[in-house]
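# Structure assessment
Spelled out, the chains give:
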Amino acid sequence: MAKPEQKKNTRRLLPFEKPIEELYDKLEKLKAVGSEVKMEMNEEVRLMEKRIEATRRDIFAKLSPSQIVQVARFIQRPTTLEYIDMIFDDFLELHGDRNFSDDPAMIAGVAKLDRRSVVVMGHQKGHSTKEYLARNLGMANPEGYRKALRVMRLAERYNKPIISFIDTPGAYPGLGAEERGQAEAIAKNLREMAELTVPFISIITGEGGSGGALGIAMGNKVMMMEFSIYSVISPEGCASILFRDATRANDAAVAMKITSKDLLELNVIDEIIKEPIGGAHNDPQLTAKNIKAAILRNLGPLLALSHHELIADRYNKYRKMGIYNEGN
Amino acid sequence: MAKPEQKKNTRRLLPFEKPIEELYDKLEKLKAVGSEVKMEMNEEVRLMEKRIEATRRDIFAKLSPSQIVQVARFIQRPTTLEYIDMIFDDFLELHGDRNFSDDPAMIAGVAKLDRRSVVVMGHQKGHSTKEYLARNLGMANPEGYRKALRVMRLAERYNKPIISFIDTPGAYPGLGAEERGQAEAIAKNLREMAELTVPFISIITGEGGSGGALGIAMGNKVMMMEFSIYSVISPEGCASILFRDATRANDAAVAMKITSKDLLELNVIDEIIKEPIGGAHNDPQLTAKNIKAAILRNLGPLLALSHHELIADRYNKYRKMGIYNEGN
Amino acid sequence: MSIHDWFKRKKLQKEAEYTRERLDIPGNLWVKCYKCGQAIFAKDLMANLKVCPKCGYHFKLTAAERIAQLFPKNSFKEINPGLTSTNFLKFSDTKDYGKRIEDSMLKSGLNDAIVTGLGKLDDLDVAMGLMNFSFMGGSMGSVVGEKFARLVEAAVEKKFPVVIFSTSGGARMQESIMSLMQMAKTSAALGRLRENRLPYISVLTDPTTGGVSASFAMLGDVNLAEPNALIGFAGPRVIEQTIRQKLPPGFQRSEFLLEHGMVDRVCERKDLRDTLVKLLRFFKD
Amino acid sequence: MSIHDWFKRKKLQKEAEYTRERLDIPGNLWVKCYKCGQAIFAKDLMANLKVCPKCGYHFKLTAAERIAQLFPKNSFKEINPGLTSTNFLKFSDTKDYGKRIEDSMLKSGLNDAIVTGLGKLDDLDVAMGLMNFSFMGGSMGSVVGEKFARLVEAAVEKKFPVVIFSTSGGARMQESIMSLMQMAKTSAALGRLRENRLPYISVLTDPTTGGVSASFAMLGDVNLAEPNALIGFAGPRVIEQTIRQKLPPGFQRSEFLLEHGMVDRVCERKDLRDTLVKLLRFFKD
Ligand SMILES: [Zn+2]
Ligand SMILES: [Zn+2]
């Protein structure tokens, strides 16, 4: 087995975590020596681990937007199915749009949040090339959006809150997707989400890519994970189209204001969910705990609203969005 | 040009109208002679025409069920689009299921019935092999039923009555139809038709073939053209499956009770719409006039019902259907 | 009487011969699996919910067997057991329909192709209908439609969810147009259920085709299917005749329907009860 | 002021150069058709609603041209004309967004990519929005979203139906996330319209893609499209890059969408007004 490969995997290092790589190497040597001389190096191991954590903390305290893009897209980043597993009980996935197919890039189902029945859905990526392929990297086809809508309507019919997890580069721009009405599928979801009579919470967990993200993200409350992104186009796309220079993705990432902090300032999202030091993948359990707490905190007040108030709440939320001048 | 072919076409003769064929031949000879000797044969022509009509009347007064099947399926029988053209004004066809495709075997649209806005729909066959192919002989795919449902919902949203015209051998039993949920599409239509809040009138104009017919035929009032049929399976299918003898379609046609008269007796339909002597194709205009009168006569009382009453009316209608014994 | 009493009463006289017929038992003790061909000790097969322990093939279940599996505590009470079919059209094909009904009743020990009733799965109330393929191929005539509608109406009255186990070759052609009308009747009943916001779970079992698939079987808020069940609108032979080619392997099977978005889950028999309980609890809480 | 006054005011100073640019006019009098390449006398083109008399190619129309075609009796009154875009993100790509807005306003004579207003088609009241591809590719930013929402709210208040003529490359990326949010905002407005059972007719014109197609443009009770308009979610180039193959001819054109069930009718420009009137009368009576 290729040992260095394996090391990288367990360490789960992002490209910009190079400084930590060396520290990990040292740590491993210390451990190796320690196991030879039996426990004597324990204190030094502890110190090295602290140093790694401190370095990581420093790095993550000042991530650039394009570094946040890397975290948001990291192959080790927890997926929707993992979050669902950690946050909810008794999850039962429901498949299919009752029209054409079941889209593996979009999952939906019923579950319990503590003891309350809820409907959950989200884009599903994966942790390997194989999973990326099977899930189309979370890029849903029209069927995915139609499945989501079907299950949203189920939620509405039986008065269950909806929680959606957003993690997609965008809706899939394929031949079949166009033939089967990608635009129509997303558009209909937007209108129908606005009219839902049940509490609806959306969480951007990784990549919030354009209409493909928004297609299941019109919650009464929209939250973003600390190191997730949400944007109308990818930094790469923006660079090549607007900057006419594909290499300027970093500049585009800055200019577009796609980080959770930016979007909170713009009032496009309601809350940022903290991630562990080093990002969600460094402690998925703690991350899930944070998400669950945020869901519960936000769900309470929504549950007190009537059907009509829920629709009005959502309408007003999106109605207010936009910045413009008004002359005569 | 093949003259005999052309003759047949203008005469529009059904296979069992052989006796009339000879009379027509004679009539034509009389006319030919007449044109030579200028008008002298007029009286004889008139008499021959009367004789043809009388013969036709005799034949049609005692059609067997399997002859009625032939009339119902006759390639010259007026189609849904023709009826729509003759009965309504300002018809605008609406296309597509907003999902996958537009099904040419099913047409739907908006129109005026006198000055009232209505929604119309129906299976579309044709008058030639070419049209049969283009329209799949009125055998709709799931998309056809989904288009019909979409337009029914449009009618409901804007409170317009719905008129459906049924003329299909059945829903298409194809590979793609199964893949895309023929069963689901029909089933959903049945449930949704039951719940429509608007007046709904269905008219079996030709072949009412099984679930493919019922899929748009759950009106508050269901009418049958005099020489149309309505059945759970074709006589041929019944013969080969139940009688285990494909040649016994005539017996099956009798046994199954598929004529308008049978179905009125069974209380499955509400009314029979008279056809001209020789069938609808002999005078489409008159037939359309009869249909229009029947629609108007039945629509009036339905327009007086509330949304709730309309649903209850339909529920009770279908709830009552069925004949069984009840023991302890 | 409860379905259990009824089951017991009929059991002794019928089960031996009936099981033999349905399962191809070459004696009393051994059953040959349709799929893998292996011989299975009948007791083992029964203990395994009539699923082949070797290859997982799901044998057909009668309503009574299904009820026994789902309601171990005997909590299922049948309703409307007395409805029986009648040959109102004086229909006769290779056999008189009246005679066919009688023979089917005798042979199957059933009154018609569906058993309906009220019961509890754990603490969860449910109105349930279970079809019998062994009664004239599970075909839907007036009795199936009427019992279905009454079941749904009982559910609406009691505010119970509805669960239906389907298995059917389609409409009962011997009742001609009236069997077609049962599609309308059962679907309308489900419309009323939906209007009352009461859940409906449809469980599709092998086979479910024709008029039953094109009405209530496809209309679940959640559609479950047992593995490898044949599910479709048109029968495979009709399709082959229409398109003049062989059907691809797996066509119209549960897994095919899952892939094509028509069923929510393919559920092995051993997981079926748990899944139903979870779903019912989801709807309830 | 009415759109007609506004149109007249801007007309003289702008039309000559603008028309030249949009239509590739090789002088003042002759226009070369994009499709058939034939030279057309500009007056003939205008008299033919800017449709090539030779091959039927539909040239793009500005909002003002469209209004002039639809409301010959000057019955269209613009609302909210004063809304203008602002560079709230201090966004600058190859050019500062603020400067880009200014330049676009000067060049097009328009305030932004949509004109909204109330009018009458024959005797039929209508709230109408008309997009301008000539203003930054008809891209949707905060101004388009806000004017759209206000138009729909005015329609709800007055109980008018809504008609929208779309033409857009999609979201206005210079407004980043805020342009994405306009998809939510406009769709929510249409939800409210629908809740009030007021009809919405969407007319898709060349081109309508991206965020506009994936929001209000696809949501008509009736979707009409001008012939051969490019309509889709993803742009053809993006798709080609994704699937690494050439797109088939006709892909994402109006007729393709008709075939695939996404638009109700492909409607030549000469029939458009009549069709709208018929539809509005259907909804009204
Ligand atoms: Zn086996
Ligand atoms: Zn041209």
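This is a predicted model, so every value here is computed, not measured. (Residues numbered from 1 in each chain as written. Chains lettered and ligands numbered in written order. Predicted model: local features only at pLDDT ≥ 70, side-chain atom pairs only at ≥ 80, totals over all residues. Heavy atoms only, no water.)

Attention now goes to the overall build of chain C. Regarding its fold elements, chain C presents 10 helices and 11 strands. Relative to its length of 285 residues, chain C is compact, with a C-alpha radius of gyration of 18 Å against a globular reference of 19 Å. Buried residues in chain C amount to 64% of all 285 residues. For chain C, the share of sequence-separated contacts (at least 6 apart) that also reach a separation of at least 24 residues comes to 66%. Only carbon and sulfur atoms are counted for the fraction: they give 51% of the accessible area of chain C, which is about 10800 Å². Of the charged side chains in chain C, 42 are positive and 32 negative; the average position of the first set lies 2 Å away from that of the second. (Helix = DSSP H or I, 4+ residues; strand = E, 2+ residues; numbered from the N terminus. Rg over C-alpha atoms; globule rule 2.2 N^0.38 Å. Buried < 20%, exposed > 50% of the residue type's maximum accessible area, 1.4 Å probe, protein only. Contact = heavy atoms within 4.5 Å. Areas by Shrake-Rupley, 256 points an atom, 1.4 Å probe, with all protein chains shown as cover. Lys, Arg positive; Asp, Glu negative; His and termini not counted. Charge placed at Lys NZ, Arg CZ, Asp CG, Glu CD.)

Turning next to the coordination of the zinc ion (ligand 1). Residues and elements named next belong to chain C. Donor atoms from the polypeptide that coordinate the zinc ion (ligand 1) comprise Cys 33 (SG), Cys 36 (SG), Cys 52 (SG) and Cys 55 (SG), at 2.2 to 2.4 Å from the metal. If you look at the zinc ion (ligand 1), its four donor atoms make angles of 106 to 112° with each other, and the shape they trace is tetrahedral. Residue class for Cys 36 comes out partly exposed when judged on its relative accessible area of 31%. (Donors = N, O, S within 2.8 Å, 3.2 Å for Na, K, Ca; no water. Tetrahedral: all angles 85-135°; square planar, octahedral: opposite > 155°, others 65-115°.)

Once that is clear, we can look at the interface of chain B and chain C. With 52 residues of chain B at the contact, the number on the chain C side is 59 residues. Considering only the surface of chain B that becomes buried against chain C, Glu 178, Arg 191 and Tyr 315 of chain B emerge as the three largest contributors, covering 15% of it. On inspection of chain B and its partner chain C, the count reaches three salt bridges. Linking Arg 319 of chain B and Glu 153 of chain C is a salt bridge whose minimum nitrogen-to-oxygen distance equals 2.7 Å. Here chain B is connected to chain C by 18 residue pairs in polar contact (both at pLDDT 80 or more). Mapped onto the side of chain B that touches chain C, the elements with two or more residues apiece are α8 (175–179), α9 (182–194), α10 (210–214), β7 (229–231), α11 (235–241), α12 (249–256), α15 (307–319) and β9 (324–326) of chain B. (Buried area = accessible area lost by both parts, 1.4 Å probe. Salt bridge = Lys/Arg side-chain N within 4 Å of Asp/Glu carboxyl O. Polar contact = N/O pair within 3.5 Å; in protein donor to acceptor, adjacent residues only side chain to side chain.)

The subject of this paragraph is the coordination of the zinc ion (ligand 2). Residues and elements named next belong to chain D. Coordination sphere of the zinc ion (ligand 2), protein contribution only: Cys 33 (SG), Cys 36 (SG), Cys 52 (SG) and Cys 55 (SG), at 2.2 to 2.3 Å. If you look at the zinc ion (ligand 2), its four donor atoms make angles of 105 to 113° with each other, and the shape they trace is tetrahedral. Of note, the donors binding the zinc ion (ligand 2) are all from one chain and are spaced C-x2-C-x15-C-x2-C. Judged by relative accessible area, which is 2%, Cys 52 ranks as buried.

All names here are of chain C. Taken over all residues, the pLDDT of chain C has a mean of 91, while the share at 70 or more is 90%. Here residues 1–21 scores under 50 on pLDDT; set against residues more than four positions off or in separate chains, the count is 34 contacts. For this predicted complex, the interface confidence reaches an ipTM of 0.94, while the overall pTM sits at 0.94. (pLDDT = per-residue confidence, 0-100.)

Moving on: unusual backbone geometry. For the bond from Asp 206 of chain C to Pro 207 of chain C, the omega torsion is -15°, close enough to zero to count as cis. Examined against the element boundaries, Pro 207 of chain C turns out to sit in strand β8 (residues 200–209). Backbone geometry at Arg 244 of chain A places phi at a positive 50°, although glycine is not the residue there. In this structure, Arg 244 of chain A sits in the loop between α11 (235–241) and α12 (249–256). Phi at Gln 252 of chain C is positive, roughly 65°, even though this residue is not glycine.

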